[in-house]
Amino acid sequence: MLPTKGYAAHNDHDPLVPFNFSRRDPGPHDVLIEILYCGVCHSDLHQVRNEWHETIYPIVPGHEIVGRVVRTGNAVTRFKPGDLAGVGVFIDSCRTCDNCKNGLEQYCEQGMIATYNSWEKDGKHYTYGGYSNQIVVDEHYTLHVPASLDLRGVAPLLCAGITTYSPLRYLEVGKGTRVAIAGLGGLGHMGVKWAAAMGAEVTLLSSSPSKKADAHRLGAHEFIWVNDEEALKKRKAYFDVILNTISAPHDYNRYLQLLRLNGTMAVVGLPPAPQQIQVFHLTNFRRSIMGSMIGGIRETQEMLDFAAQHQITSDVEVIAMQDINTAFDRLAKNDVKYRFVIDMSTLQ
Ligand code: NAP
Ligand code: ZN
Ligand code: ZN
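Residues numbered from 1 in each chain as written. Chains lettered and ligands numbered in written order. Predicted model: local features only at pLDDT ≥ 70, side-chain atom pairs only at ≥ 80, totals over all residues. Heavy atoms only, no water.

## Regarding the coordination of the zinc ion (ligand 2)
Thought 1: Protein coordination at the zinc ion (ligand 2): the donors are C41 (SG), H63 (NE2) and C159 (SG), at 2.0 to 2.3 Å from the metal.
Thought 2: Mapping the donors of the zinc ion (ligand 2) onto the primary sequence gives the spacing C-x21-H-x95-C. Taken as a pair, H63 in the loop between α1 (42-48) and β4 (65-72) and C159 in the loop between α3 (151-154) and α4 (160-170) lie far apart in primary sequence, 96 residues in all.
Thought 3: Among the residues examined, H63 registers a relative accessible area of 4% and is labelled buried.
Thought 4: What makes C159 buried here is its relative accessible area of 5%. (Donors = N, O, S within 2.8 Å, 3.2 Å for Na, K, Ca; no water. Helix = DSSP H or I, 4+ residues; strand = E, 2+ residues; numbered from the N terminus. Buried < 20%, exposed > 50% of the residue type's maximum accessible area, 1.4 Å probe, protein only.)

Right, here's the structure in full:
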């Protein structure tokens, strides 16, 4: 077993504290990764605070992991010591169902094995995430990280990046598509960058008027404050796609009305409580609402390669591990531009 250092929450209200635990020794197909940077996703906060009512404590969050391979099992073929590596939201799946076979492991019929707060396939080992100095992962669930990008800005691509890239690709966003991104946070700012790089006309729908200048800097062509009724009226029945990244409860109906004929609202934000939809907003203009969860391994690699090609990374604020509780408080208050990333060398 490998003695490992991390930070854990022990209940839904106390701060995260240092936590020592063991990782398994790398098996034949595993890589051992020294973690260099780990992004702080709002899902980490939802789960640490048990907002989804499924947390098992102690929990070591973190699923936006970038590091360096330090050891490989003897059957590993795709990585060698010294390689950069990334790990996202899941570290295993059944590998035999249709969805796994089609590269959609995040929708595994048996349920994906999440990087943290999940039971491994043996049903005995509970997973611990990237707020730690090292992780052991099967090579097939490990990503190659382009060396040409700033690693601090790459870490958030492993969740925020792929979660926004995947639905935009699925909906075939490109030149001529009118895309609105709802919410300018960790996910939303990546959504703006991707949609602009794909050639779409991009609008940001935000509850924060102060984010207008940033929205334009990131690539949005238009900014709409969602409480500006006049501006909303002008964009009724206008967009082909709305990518909804909002983390808090809000009225989906306000946004649905902005979709044109056959338009789709892809929901990736995960507010804890159920929300009501007025179905007339769907029947009118044959609109759809869909959900989307991260992306499969193949598409995550494609996204990283697209990022390298277009020199796209996340805008980050690098923090020390010891500052995670302040970062969580700020994330809860919508005060981050636009992703916290933990420098793991600060974990002593
Ligand atoms: P984040 O950085 O906190 O961003 C959330 C954004 O939502 C905020 O920046 C804010 O943007 C907007 N917002 C917050 N409160 C709002 C309110 N009351 N009304 C309207 N807008 C509000 O969070 P994140 O890390 O991007 O994650 C966003 C959500 O996606 C979370 O629920 C997370 O759990 C979920 N998620 C889902 C997946 C998936 O696979 N589906 C993957 C990762 C994360 P403005 O200030 O611009 O309004
Ligand atoms: Zn995440
Ligand atoms: Zn499967």
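## Here's the deal with the site of ligand 1
Thought 1: Contacts to ligand 1 come from 29 residues, most closely from H42, S206, S207, S208 and R339.
Thought 2: Side-chain polar atom of S208 to an oxygen atom of ligand 1: 2.5 Å apart, as the coordinates give it.
Thought 3: Within the complex, 90% of the 920 Å² of free accessible area of ligand 1 lies under protein.
Thought 4: Its atoms largely coinciding with the cavity grid, ligand 1 occupies the largest pocket.
Thought 5: A total of three residues in the shell around ligand 1 trace back to one element, the largest contributor, which is α1.
Thought 6: Residue composition of the shell around ligand 1, grouped by class: 12 nonpolar, 15 polar and two charged. (Near = heavy atom within 4 Å. Polar contact = N/O pair within 3.5 Å; in protein donor to acceptor, adjacent residues only side chain to side chain. Areas by Shrake-Rupley, 256 points an atom, 1.4 Å probe, with all protein chains shown as cover. 1 Å grid on protein atoms, 1.4 Å probe; cavity = no way out; pocket = protein on both sides within 12 Å on 5 of 7 lines; lining within 4 Å. Sits in = over half its atoms within 2 Å of the grid points. Nonpolar A, V, L, I, M, F, W, Y, C, P; charged D, E, K, R; others polar.)

## Here we look at empty space enclosed by the protein
To find leftover empty space, a probe the size of one water molecule is rolled over the atoms.
Thought 1: Using the criterion set out here, one finds one cavity of 30 Å³ or more in the structure.
Thought 2: Its volume calculated, the largest cavity comes out at about 70 Å³.
Thought 3: Along the walls of the largest cavity sit G88, V89, F90, Y141, L143, L158, I162, I294, G295, G296, I297 and T300, which together make up its complete lining.
Thought 4: Here the residues of the lining of the largest cavity sort into eight nonpolar, four polar and no charged. (Points joined across faces, edges and corners; volume = space filled by probe spheres on them.)

## Quick look at the coordination of the zinc ion (ligand 3)
Thought 1: Bound to the zinc ion (ligand 3) are the protein donor atoms C94 (SG), C97 (SG), C100 (SG) and C108 (SG), situated 2.3 to 2.4 Å from the metal.
Thought 2: Around the zinc ion (ligand 3), the four donor atoms sit at angles spanning 103 to 120°, and that spread fits a shape best called tetrahedral.
Thought 3: In primary-sequence terms, the residues that donate to the zinc ion (ligand 3) follow C-x2-C-x2-C-x7-C. The pair formed by C94 and C97 is uniform in burial state, with each residue classed as buried. (Tetrahedral: all angles 85-135°; square planar, octahedral: opposite > 155°, others 65-115°.)

## Here we look at the nonpolar core
Thought 1: Judged by nonpolar contacts, the single largest core of 92 residues is most densely connected at Y131, W194 and I324.
Thought 2: In terms of domain composition, this core takes at least three residues from each of domain 1 (2-159 + 295-306 + 314-346) and domain 2 (161-291).
Thought 3: If sequence neighbours within four positions are ignored, I324 has contacts with Y7, L16, V40, Y131, I319 and I342.
Thought 4: A231, I246, Y252 and M265 belong to the second largest nonpolar core, which has 19 residues in total. (Core = buried A, V, L, I, M, F, W, Y, C linked by side-chain atoms within 4.5 Å. Domains from an automatic or database assignment. Contact = heavy atoms within 4.5 Å.)

## Considerations on the sheet that holds strand β13 (residues 239-244)
In a beta sheet, neighbouring strands pair by backbone hydrogen bonds and run either parallel or antiparallel.
Thought 1: Overall, parallel pairing links the six strands, which are arranged β12-β11-β10-β13-β14-β15 in an open sheet. Sheet topology places β12 (222-225) and β15 (288-291) at the edges, where each strand pairs with a single neighbour. Pairs of neighbouring strands in the sheet enclose a mean axial angle of 20°, with direction left out of account.
Thought 2: Here five bridges tie β13 to strand β14 (residues 259-267), and the two strands are oriented parallel to one another. Its bridge partner being in β14, N244 is matched across the sheet by V267.
Thought 3: With respect to the sheet, α4 is in contact with β10 (178-182), β13, β14 and β15, its orientation differing from that of β13 by roughly 160°. (Pairing = 2+ DSSP bridges. Axes fitted to C-alpha atoms, helices over the stretch in contact; angles between N-to-C directions.)

## Quick notes on the packing of aromatic side chains
Thought 1: Enumeration according to the criterion identifies 11 aromatic pairs in this entry.
Thought 2: Plain terms: the ring middles of F90 and Y141 are 6.1 Å apart, the flat faces sit at 80° to each other, and that makes the pair edge-to-face. Note that F90 is positioned in strand β6 (residues 90-92) and Y141 in the loop between β8 (134-138) and β9 (143-144), a separation of 51 residues in sequence. Here the two residues F90 and Y141 agree in accessibility, since each one is buried.
Thought 3: One aromatic cluster is present, formed by F19, F21, W119, Y126 and Y128 through successive ring pairs.
Thought 4: Just above the ring of Y238 sits the side chain of R178; from NZ or CZ to the centre is 4.0 Å. (Phe/Tyr/Trp six-rings, centres within 6.5 Å; stacked < 30°, edge-to-face > 60°. Lys NZ or Arg CZ within 6 Å of the ring centre and 35° of its normal.)

## A look at the side chain of T4
Thought 1: Examined against the element boundaries, T4 turns out to sit in strand β1 (residues 2-8).
Thought 2: Judged by its relative accessible area of 2%, T4 is buried.
Thought 3: Polar contacts involving the side chain of T4 include one to the side chain of Q134, which spans 3.0 Å.
Thought 4: The residues contacting T4, other than those within four sequence positions of it, are F19, N20, F21, S22, R23, S132, N133 and Q134.

Keep in mind that these numbers describe shape and distance, not what the molecule does.
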